[in-house]
Amino acid sequence: MAQADWTTIFEDKVARFKRGHSWRLEFDGNLVPKSPKRGWKEYIRNTCAWFRCIKCRRHWPSNWVTVVFHMRLIGREGVVKVRRFRQNCKKCPSAPMEKPKILPENIDILMDNLVKKIRIKCYGERLDGAFRPPQNVKVKSPHEPAHCEACQLGICERNTATNNLST
């Protein structure tokens, strides 16, 4: 889905908890995970998506796609910046990193979870800790950290889960 679709879904979800504040969603490919700027809150979430190599046209699914959100509320205006982490083709030498194509139902789930996190982090609401899990896609091969941008930055949940099991 296009960025405009993400924005539309986000605006619909955030409008449901009326607070008299306006919120906007911005895409930022330079967002640094685990280092939100002063006054910003962070939310890191895993989802599922498809990728397609622009060199060989190969496509592959992944259930380990990291999305990072940084959010802040100043006065009556809220901003959420989002970065979707990429993967590259394991078949093509020097393949570029490709953006994930996240299924509409998973964007909807991400936005539900994001709005819940905004309510907790920016408004101090006490909500239950349950978040909706993404709808998995059928994957035939294991996650490959060498081709995952989030793994390379040490923030991929799959990489973290593997490391936690070995310690």
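Described in the following lines is the structure provided in the data block.

So, how was this worked out
Residues numbered from 1 in each chain as written. Predicted model: local features only at pLDDT ≥ 70, side-chain atom pairs only at ≥ 80, totals over all residues. Heavy atoms only, no water. Buried < 20%, exposed > 50% of the residue type's maximum accessible area, 1.4 Å probe, protein only. Helix = DSSP H or I, 4+ residues; strand = E, 2+ residues; numbered from the N terminus. Pairing = 2+ DSSP bridges. Expected span 1.5 Å × (residues − 1). Arc of directions from axis to C-beta. Contact = heavy atoms within 4.5 Å. Phe/Tyr/Trp six-rings, centres within 6.5 Å; stacked < 30°, edge-to-face > 60°.

Right, let's get into the pairing of strand β4 (residues 77-84). Within a regular strand, side chains alternate between the sheet's two faces. The element β4 is extensively covered by neighbouring structure, given that six of its eight residues are classed as buried. In the sheet, strand β1 (residues 22-27) pairs with β4 via six bridges, with the strands oriented parallel. Considered in β4, the bridge of S22 is made with E77. In sequence, strand β3 (residues 59-74) turns back onto β4 through a hairpin of two residues, with G75 there showing a positive phi of about 65 degrees.

Between its first and last C-alpha atoms helix α1 (residues 3-15) spans 18 Å; for 13 residues at 1.5 Å apiece the expected length is 18 Å, and the two agree. Regarding α1, the residues found buried are W6, T7, I9, F10, K13 and V14. Seen from one end, α1 has its buried residues packed into an arc of 165 degrees, which puts them on one side. Exposed and facing more than 90 degrees away from the buried side of α1 are A4 and T8. Elements in contact with the buried residues of α1: β1, β4, β5 (101-102) and α2 (104-123).

Turning our eyes to something else, we now look at the environment of K138. Position of K138 among the secondary structure elements: in the loop between α2 and α3 (149-152). In sequence terms K138 and P61 are 77 residues apart; their C-alpha atoms lie 7.1 Å from each other.

To continue, consider the packing of aromatic side chains. Within the structure shown, the criterion is met by five aromatic pairs. Seen in terms of ring centroids, W6 and F27 are 5.6 Å apart; in terms of plane orientation they differ by 80 degrees. Their pairing is edge-to-face. With W6 in helix α1 and F27 in strand β1, this pair connects stretches of sequence that are 21 residues apart. Among the residues examined, W6 registers a relative accessible area of 1% and is labelled buried. With 5.6 Å between their ring centres and 15 degrees between their planes, F51 and W60 make a pair best called stacked. W60 matches F51 in its accessibility class, with the two residues each being buried.

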